[in-house]
Structures are given as structure tokens and as C-alpha cells.
Amino acid sequence: MPELPEVETVRDGLDRLVVDARVSGVEVFREYSIRRHAGGPALFAEQLDGAVLTAAVRRGKFLWLPIVAPGGPASLTPSHALVAHLGMSGQLLVRDPGEAGDWTHPHLRVRLHLDGAPSGARHLDFVDQRTFGHLAVESLGPTPDGAPGGHGSDLAAVPASVAHIGRDLLDPAFDADAVVAAIRRRRTGLKRALLDQTVVSGVGNIYADEALWRARLHYARPTDTLRRAEALRVLDAAADVMREALVQGGTSFDSLYVNVNGESGYFSRGLAVYGREGQPCPRCETPVRRDAFMNRSSYTCPRCQPRPRNARW
DNA sequence: TTCCGCACCTGCCGGC
DNA sequence: TGCCGGCAGGTGCGGA
């Protein structure tokens, strides 16, 4: 399940392997995967065919590749971007000349043919089993604060669909004080606030549980009772756990998350509570508890993270 | 305006 | 063996 560290691993791979490539063809095998692109597959292909991929940028779990339009010089400032969200199972796979020929995949949704990639790659494939991910070409708009739109480019611009997403914890322009204030203004549960991408982006179910465990806070703690130091503690914990995951190439439970070369990360071995129902808490050895939460699961240590009496979610 | 619940989607797994 | 329901979960939308 791609979260920030996994998406950053993919972004880094794209940055090294396909930036400066020109798109020489587009194949859409599953129209649903470009459902957010206004105009459908024909316009999607038309806008990309001949375009140059100029960078690989990420904010939270959103990725985008600013493009110089077909026919334009590669030095032109990009006005549009190929936006990608991996959803739950999306993969962006870079295929080299040796394997590009007949390689296929049962969940291959979109294929970009490339010319002039620094790696010699000929295909950028969007593979997505559960089809929650999507691709789209969107116009770029200026950032309100004039800071770079995301990690990977100095361009102070973001795609339209990313404009409402908050900056992530690893972004140099992340404003911790403003995010703490935003969390404490809310009247909801702490985990729900952490998962709200408009408050802080990049935190998903796995890292929310891990950050809450590290900060010794329960997911149902009302945000309006949170002390400033507690809010900072959980944000710091989330940043730490994501940095550690990033070093190990992200978290992986199965083949659904891989980097651009199709390789899995190793951070799942470092998880303290997520997916460990009934197993001992690494701190106090109390069995980890699993609760249903927002149509998914939350994992906590009942001793390290006691449930508040005024629980809210 | 803010918060919450649900739909979207596919494959795997367990139960019958 | 085959069918069915439950589960996984990020995002956006509609309703309260």
C-alpha cells in the first residue's frame, strides 16, 4: 500500500531513469485508470505524445512529471504535468530495452513509450491491480507561498488536483506550528486528522498507527483536547518512521508495492504494531489489539496507548 | 463550514 | 469444487 516513503522511492526512480525522455506513444488499456483526465483516452494520448518529461515531483502521495508540450523546446517552463496517484496497488514500472519488447502484466493499465530516456528505458508502465490509482494530464498553477510545489523540483507550481493537499512532513516548507494549530482546531479523533491529506499529506493507515504507537497516543484521542507538545510528538514520530522506512525502500507486505524496478521494500520488518494483532508490543509485551476503524483497521498497544474516556473518531 | 459515512475496485481467503 | 461474503484501504463526494 503505497504511502509517502513508497511514493518517494518511486519518484526517485523516475527522476533517475525517465526524466528528459520524450513520450513517443501512449496506450490506454483501462479507461478507468485515467478517469480523472478531462477528455478521455484520446485527449490524454494527444497531450502526452511528443511531450518531454522534465522532472519527477512529489507532494505526499501525489506524484507528477511536469511536461513540455509536444513540439516545444525542452528548456521551456512546463505548463502541464502528468499526474499519478498510486492508490492502493498502483505501480510505475520502468522497462529497459531488454525486457520491454513482449513484457506484459495482467494489470497493465497504461503504457507510455519513451525515446531518449537516460537509462535507455523504452516503457513507463502503470500497473494497478485494484484500480484505485489514476493518471491524468493537468495544468500547473502557482503555489500560494511561492515555495517549490513538491519534492524533486524548484518549480513553484502544483497540478490543480494537488493544490488542496497539505505539505508533507518531509517537505522543507512544512510548517509544523501551523499544522499543530490546524489539528487542535478540529473536533475529531487524532487518527482521522492525521489521515486528512488537507491537514498533512503522506500519512496513511500504516504510518498513522506506527506514529501513534511511538507517541503513546490513542487513535481516538479528541484533537481539541490535545496539548501542543502532544501534537508535535506525533508529527515528529510520523516523520521519523517515514524517514526510517524511506532508507529501507518502503514497506511491503506482498507484491502490490514495488519500486520502479519491480523490487519490494523491507520496512515491514520494522513495524511495531501494524498488522501484528495478538503479538507482543515491542515496548511492554502486551498483546497488540486490532480495532475496526473507518472501514479499516487500527492497531494499538492497550497499555502504551490507553483509550481516552472521551474517545472520538 | 466541518465532519462523517460510503462508494469505488479487484483479488485473495475462509466458510459453507 | 464452486459460490459467496468479508477484507484490504486512499480519495472524493454527498449528506447531516
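Located above this text is the structure these notes cover.
Conventions we followed
- Residues numbered from 1 in each chain as written.
- Chains lettered and ligands numbered in written order.
- Predicted model: local features only at pLDDT ≥ 70, side-chain atom pairs only at ≥ 80, totals over all residues.
- Heavy atoms only, no water.
- Near = heavy atom within 4 Å.
- Polar contact = N/O pair within 3.5 Å; in protein donor to acceptor, adjacent residues only side chain to side chain.
- Nonpolar A, V, L, I, M, F, W, Y, C, P; charged D, E, K, R; others polar.
- Phe/Tyr/Trp six-rings, centres within 6.5 Å; stacked < 30°, edge-to-face > 60°.
- Helix = DSSP H or I, 4+ residues; strand = E, 2+ residues; numbered from the N terminus.
- Buried < 20%, exposed > 50% of the residue type's maximum accessible area, 1.4 Å probe, protein only.
- Lys NZ or Arg CZ within 6 Å of the ring centre and 35° of its normal.
- Contact = heavy atoms within 4.5 Å.
- Salt bridge = Lys/Arg side-chain N within 4 Å of Asp/Glu carboxyl O.
- Pairing = 2+ DSSP bridges.
- Arc of directions from axis to C-beta.

A word on the protein's contact with DNA strand B
No. 1: Around DNA strand B there are 13 residues in total, and Arg30, Phe132, Arg187, Thr188 and Arg192 lie nearest to it.
No. 2: Of all atoms in DNA strand B that approach within 4 Å of the protein, 73% are sugar or phosphate atoms.
No. 3: At 3.2 Å, a side-chain N or O of Tyr32 approaches a sugar or linking oxygen of DNA strand B.
No. 4: Here a phosphate oxygen of DNA strand B sits 2.9 Å away from a polar atom, N or O, in the side chain of His107.
No. 5: For the surface near DNA strand B, the residue count by class is three nonpolar, five polar and five charged.

Section: the protein's contact with DNA strand C
No. 1: The local shell around DNA strand C holds 17 residues, among which His85, Met88, Phe132, Tyr274 and Ser297 are the closest.
No. 2: Take the atoms of DNA strand C that sit within 4 Å of the protein: sugar and phosphate atoms are 56% of them.
No. 3: Between DNA strand C and Lys61, the relevant distance is 3.3 Å, taken from a phosphate oxygen to a side-chain nitrogen or oxygen of the residue.
No. 4: In this structure, a phosphate oxygen belonging to DNA strand C sits 3.4 Å away from a main-chain N or O atom of Asn205.

Here's the deal with the packing of aromatic side chains
No. 1: Inspection of the entire model under this criterion finds two aromatic pairs.
No. 2: Judged by centre distance (5.2 Å) and plane angle (70°), the rings of Tyr219 and Phe293 are edge-to-face. Here the residue Tyr219 occupies a position in the loop between α6 (205-215) and α7 (228-247), and Phe293 occupies one in strand β11 (residues 289-293), the gap between them amounting to 74 residues. Just as Tyr219 is buried, Phe293 falls in that class too.
No. 3: Judged by centre distance (5.1 Å) and plane angle (65°), the ring pair of Tyr274 and Tyr299 falls under edge-to-face. Here Tyr274, found in the loop between α7 and β11, pairs with Tyr299, found in strand β12 (residues 296-300); they are 25 residues apart in sequence, far enough to count as distant.
No. 4: With a relative accessible area of 14%, Tyr274 lands in the buried category.
No. 5: Assessed through its relative accessible area of 11%, Tyr299 is described here as buried.
No. 6: Its guanidinium or amino end placed over the ring of Trp213, Arg283 lies 3.9 Å from that ring's centre, counting from NZ or CZ.

A look at the environment of Thr225
No. 1: Within the secondary structure, Thr225 sits in the loop between α6 and α7.
No. 2: For the pair Thr225 and Gly39, spaced 186 residues apart in the sequence, the C-alpha separation amounts to 46 Å.
No. 3: Apart from the residues within four sequence positions on either side, Thr225 is in contact with Glu230 and Asn310.
No. 4: A polar contact of 3.0 Å, which involves the side chain of Thr225, links it to the side chain of Arg221.

Comments concerning the pattern of salt bridges
No. 1: Here the structure, examined in full by the defined rule, presents 18 salt bridges.
No. 2: One salt bridge connects Arg227 with Glu230, and the closest N-O pair in it is separated by 3.4 Å.
No. 3: Among the salt bridges present, the one from Glu277 reaches Arg290, with a minimum N-O distance of 3.6 Å. Linking Glu277 in the loop between α7 and β11 with Arg290 in strand β11, this pair joins segments that are 13 residues apart in sequence.
No. 4: Judged by its relative accessible area of 49%, Glu277 falls in the partly exposed class.
No. 5: The exposure class of Arg290 is partly exposed, given its relative accessible area of 38%.
No. 6: When salt bridges with common partners are traced through the structure, they connect Glu8, Arg11, Arg58 and Asp168 into a single cluster.

Details of unusual backbone geometry
No. 1: The backbone of Asp20 sits at a positive phi, close to 90°, despite the residue not being glycine.
No. 2: We note that Arg216 has phi near 60°; this positive angle belongs to a residue other than glycine.
No. 3: Relative to the assigned elements, Arg216 resides in the loop between α6 and α7.
No. 4: Judged by relative accessible area, which is 47%, Arg216 ranks as partly exposed.

Description of the pairing of strand β4 (residues 62-68)
No. 1: Along β4, seven of the seven residues are buried, which leaves the element largely enclosed by surrounding structure.
No. 2: Counting the residues in the hairpin turn of strand β3 (residues 57-59) and β4 gives two residues, including Gly60, whose phi is positive at 60°.
No. 3: Where β4 lies against strand β5 (residues 80-85), six bridges are found, and the strand directions are antiparallel. Among the inter-strand pairings, Pro66 is bridged to a residue of β5, identified as Ala81.

Concerning helix α4 (residues 176-185)
No. 1: Along α4, the positions that sit buried rather than exposed are Val179, Val180, Ala182 and Ile183. Taken around the axis of α4, the buried residues stretch over an arc of 160°, which confines them to a single face.
No. 2: Buried residues belonging to α4 abut α5 (190-195) and α7.
No. 3: With a side-chain oxygen lying 3.3 Å from the backbone nitrogen of Asp177, the N-terminal cap of α4 falls on Asp175.

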